[in-house]
Amino acid sequence: MKCYTVYLGQYSIGTILTELISTEPATGAILWKGQSGDADAAVSKARDAWPKWAALPVTQRIEAVRRYTNRIRGKAEELAELISRETGKPIWESRTEVESVIKKVDISVTAYAERTPQRQLPSQPNMRVALRHKPHGVLAVLGPYNFPAHLPNGHIVPALIAGNTVVFKPSEKTPAVGQFLFDCFEKSGFPSGVFNILQGGPETGKQLTANEGIDGLLFTGSAQTGVALNRQFATRPDKILALEMGGNNPIIIWDTDDIHSAAVLVVQSAFLSAGQRCSAARRMIVKDELYDRVVKEVKRIADRLIIDEPFSKPAPFMGPVIDNEVADGLTESFLALMSHGGRPIKHMARPINDRPFLTPGIIDVTNMEERPDIELFGPILQIIRVDSFEAAIAEANNTRYGLSASLIGGSATQYDQFWSNSRAGIVNWNKMTVGASSEAPFGGIGLSGNHRPSAYYAADYCAYPVVSMEAERTRASMGVGLKDEETAKIDPAAPDSGQ
C-alpha cells in the first residue's frame, strides 16, 4: 500500500537532544532530567579499560557481575516501581521484568560455558589443538523502551562475562531506568570504564554507532532502525552486528473445542504490555467455521480488560503506551486500516484525552486488497479468515518479518506441518506468541533479525572462536619435495659462492 500513515516501532529517528526529560506516561509527571552524553568520550573510556578487563580470569568477571545482580536483588522493588513509572506498565509486570534481570546472570554463566567453551580437540601426537574464545573489545548496546532493564541487560551481562567493555545507550524514552542500571554497576565495584552509560537521543545513538572505537553493536528496536544500521555496517565486516528487531507475528486458530482458552491466548498474545512486545501477536488467522465464536469471545475478553495506572487497584491488565506521540500514531494507524477496507470489531479509543491510554483495537482485514506488512507496536489486532490450513500457513508467512508464530488447536500432524513451514524463529503450539524463555535462543529471520539470536545464544555474538595448534617443543621435518643431499651439492643451478 502506498498511502499508510503508521507508527513503526520501538526506536524512533529524530533531532538532537541536549537535555533529556522523562515523564511518566500514566500521569505526565516529570520523572527524570539529564544531559546528553559524549559518545567519543564514552568509547574512549571503554577502550582504555578493555585490555585489563579482558585479561582477568573469567571467574573474576563473573564474580563482578554477580555483585551487580545482588545489588539489583536488594533494590528489586525500587527498580520495579521505577520501570512502572517510566513505561506505564503494571507493577506486577515490572516485577517479572526485574526477576528476569536477576536470573540473567546464572543463565549467562551457563550459556558462556556451553556456547563458548575452552576445550581440546583431537590432534596428532605431541601436539594439542585448543579451542578458546576471545571478546571483541568495546561493544555498544542500544536499548529499547518496552523492557528498559531486561532487554539491554540481556546484551550487557553476556558481553561483560565474555570480556568486552560496554557503552550502553538507553532509549531516550526510558533514561531513568538506564541510569539506575548504571548506578548498580558502578556501586558493584566494576573497574572504571568497563561499563559506561551514554544518555541521549537518536543523534547521540548515531554518533555512537559511527564511532571507529567500537568493535560491535548490539541492538534491540524497530526494523526501520535495524535496517539502517545494517546498511551502515555493510562495509564493516570487522565489526559484529546483532540485530534484535520486531515482528508482524501470526497466531492461527484452528480446530479446537475450547474457544475460551483459545481467545485467552489470543488476548494475552496481542495485548500484554499494551501490545508493546516484539513477539506480540499482530494478526489472528482463524478458520472460517470458527470465526464467529472465536471473534465474539476475543472481543468479550478484550472488553473486560482493566486499563489503568500501574499501581491502581484492582491490578490492571495493561497500562498506557509509552507516550502521546505513539498513542496518536497508533490511533491514526487504526483509522488507516479502516479507511482501506478493514472492518472494525472493537474500536480503539483514548479514554483520557491528554494521556496515552488506549483501549485494544480489533479489526477484520480479510477483505483489504493489500494488507500492510508493518509492525504496529501497540494494542492492535488484525483478523484474517481463511478456509484451509494451507491458506492459514501461507497467510502466516505473508510477511517480511519472522519472529514469532503460534498455532492454537489443530492436530499433532498439523502442528508438524505448521512447524516445518513457518518462517519464524519461535514457533509455538497452544501457547502464546509472547513469553519466551531466557534459557532458549530468542530471535527471528527476515526483518526480525540478522541471524544473531539473543537470550541464551547471546554468548555467540559476544566472543569469537580462536583455534590454536600448540606444541611444547620446536620439532619439524620435511619428507616430500626435497632433493637428496648429494644432488643438492652438485646442482649447477646453485648460486655462485664467489670463490
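Preceding this paragraph is the structure being described.
What counts and how
- Residues numbered from 1 in each chain as written.
- Predicted model: local features only at pLDDT ≥ 70, side-chain atom pairs only at ≥ 80, totals over all residues.
- Heavy atoms only, no water.
- Core = buried A, V, L, I, M, F, W, Y, C linked by side-chain atoms within 4.5 Å.
- Buried < 20%, exposed > 50% of the residue type's maximum accessible area, 1.4 Å probe, protein only.
- Helix = DSSP H or I, 4+ residues; strand = E, 2+ residues; numbered from the N terminus.
- Contact = heavy atoms within 4.5 Å.
- Pairing = 2+ DSSP bridges.
- Axes fitted to C-alpha atoms, helices over the stretch in contact; angles between N-to-C directions.

A. Up close: the nonpolar core. Formed by 64 residues in total, the largest nonpolar core has its most connected members in Ile-253, Phe-271, Met-284, Val-298 and Phe-418. In terms of residue count, helix α9 (residues 259-271) provides more of this core than any other element does, eight residues in total. Dropping the residues within four chain positions of it, Phe-271 is found in contact with Ala-302, Leu-305, Phe-317, Met-318, Pro-360, Gly-361, Ile-362, Pro-379, Ile-380 and Leu-381.

B. The arrangement of the sheet that holds strand β12 (residues 343-346) in detail. With mixed pairing, seven strands are arranged side by side in an open sheet as β12-β13-β14-β11-β10-β15-β16. What marks the edges here is a single partner per strand, and that holds for β12 and β16 (426-429). This sheet shows a mean twist of 20° between the axes of neighbouring strands, independent of strand direction. Bridge count between strand β13 (residues 361-364) and strand β14 (residues 380-386): four bridges; the pairing is parallel. Paired with Gly-361 across the strands is Ile-380, a residue of β14. Packing of helix α13 (residues 412-421) onto the sheet brings it into contact with β10 (249-253), β15 (404-408) and β16, and relative to β16 it is tilted by some 170°.

C. Spatial organisation of the sheet that holds strand β3 (residues 119-121). Read from one edge of the open sheet, three strands run β3-β4-β19, paired in antiparallel fashion. Strand pairing shows two members of the sheet lacking a second neighbour, β3 and β19 (463-470), which therefore form its edges. Direction aside, neighbouring strands of the sheet carry axes that sit 35° apart on average. Sheet topology places strand β4 (residues 128-135) next to β19; eight bridges connect them, and they run antiparallel. Within the sheet, the bridge partner assigned to His-133 lies in β19 and is Pro-465.

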